[in-house]
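# Topology and contacts: notes
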Amino acid sequence: LMASNSYNFLTKQPKDDLKPVAQEEETQWKWAIKEDLRDCTEEYEQKVKEPAVEYEFNLDNFQKQAIMHLENDESVFVAAHTSAGKTVVAEYAIALASRHQLKAIYTSPIKTLSNQKYREFKKSYNVGIVTGDISINQENSNVLIMTTEILRSMLYKSADLIRDVEWVI
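Residues numbered from 1 in each chain as written. Predicted model: local features only at pLDDT ≥ 70, side-chain atom pairs only at ≥ 80, totals over all residues. Heavy atoms only, no water.

By the naming in an unreviewed UniProt entry, the protein is RNA helicase, taken from Hirondellea gigas.

This is the structure:
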């Protein structure tokens, strides 16, 4: 997930609040912090007092850590095996964007996966889809599903829609 508040999609540059980290004679940008998987239940309960989504199951530690970063408007990159629960983090970002009356974009590499996610998400969200073949509810949706190719094209064209995006998944 990438927060639109850390990257200016229109200028294609990181926003000014990223801090340079001096190392030897070069300046490098600090883009990522690796989180150790640890029990963070107490910290989660203190920091996330009003979750955007309540789950009927206990969250794994990586999900809690990712949600705490999302609540801080920080980008997260979640790498976990198949069926580990990465979609929970994505759905939380969607709910957070909806709470803030902004959009989330959910990307997939191919149209088939976009269509599958559209069918899944339309049960729970005001969802739209844009692929090379179709465009449904693009303007009025809280979550817009598209292929990565369509997103890239929108970014290159500085599409107006991007201005209202809080999260890219």
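## Quick word on the pairing of strand S9 (residues 143-147)
Among the five residues in S9, five count as buried, and that is most of the element. The two faces of S9 match: Val143, Ile145 and Thr147 on one face and Leu144 and Met146 on the other face are all buried. (Buried < 20%, exposed > 50% of the residue type's maximum accessible area, 1.4 Å probe, protein only. Helix = DSSP H or I, 4+ residues; strand = E, 2+ residues; numbered from the N terminus.)

## Overview of the packing of aromatic side chains
Applying the stated criterion to the full structure yields three aromatic pairs. Ring centres of Tyr55 and Phe57 lie 5.3 Å apart, and the angle between their planes is 45 degrees; this geometry places the pair in the tilted category. Its relative accessible area of 43% is what places Phe57 among the partly exposed residues. Relative to Tyr125, the ring of Phe121 has its centre 5.7 Å away and its plane inclined at 85 degrees; by these criteria the two rings are edge-to-face. Among the aromatic side chains, those forming a connected cluster through ring pairs are Tyr106, Phe121 and Tyr125. (Phe/Tyr/Trp six-rings, centres within 6.5 Å; stacked < 30°, edge-to-face > 60°.)

## Side note on the nonpolar core
Leu70, Tyr92, Ala104, Tyr106, Ile145, Trp167 and Ile169 are the most contacted members of the largest nonpolar core, which totals 30 residues. Among the secondary structure elements, those contributing two or more residues to this core are helix H2 (61-71), helix H3 (86-99), strand S6 (103-108), helix H4 (111-121), strand S7 (127-130) and S9. Sort the elements by how many residues they give to this core and H3 lands first, with nine residues. Residues from two domains meet in this core; each of domain 1 (36-100) and domain 2 (102-168) gives at least three. Here Ile145 is in contact with Tyr106, Ser114, Lys117, Tyr118, Phe121, Val127, Gly128, Ile129 and Val130, once residues within four sequence places are set aside. Core analysis: the second largest hydrophobic core is formed by eleven residues, Ile105, Leu144, Leu151 and Leu161 among them. (Core = buried A, V, L, I, M, F, W, Y, C linked by side-chain atoms within 4.5 Å. Domains from an automatic or database assignment. Contact = heavy atoms within 4.5 Å.)

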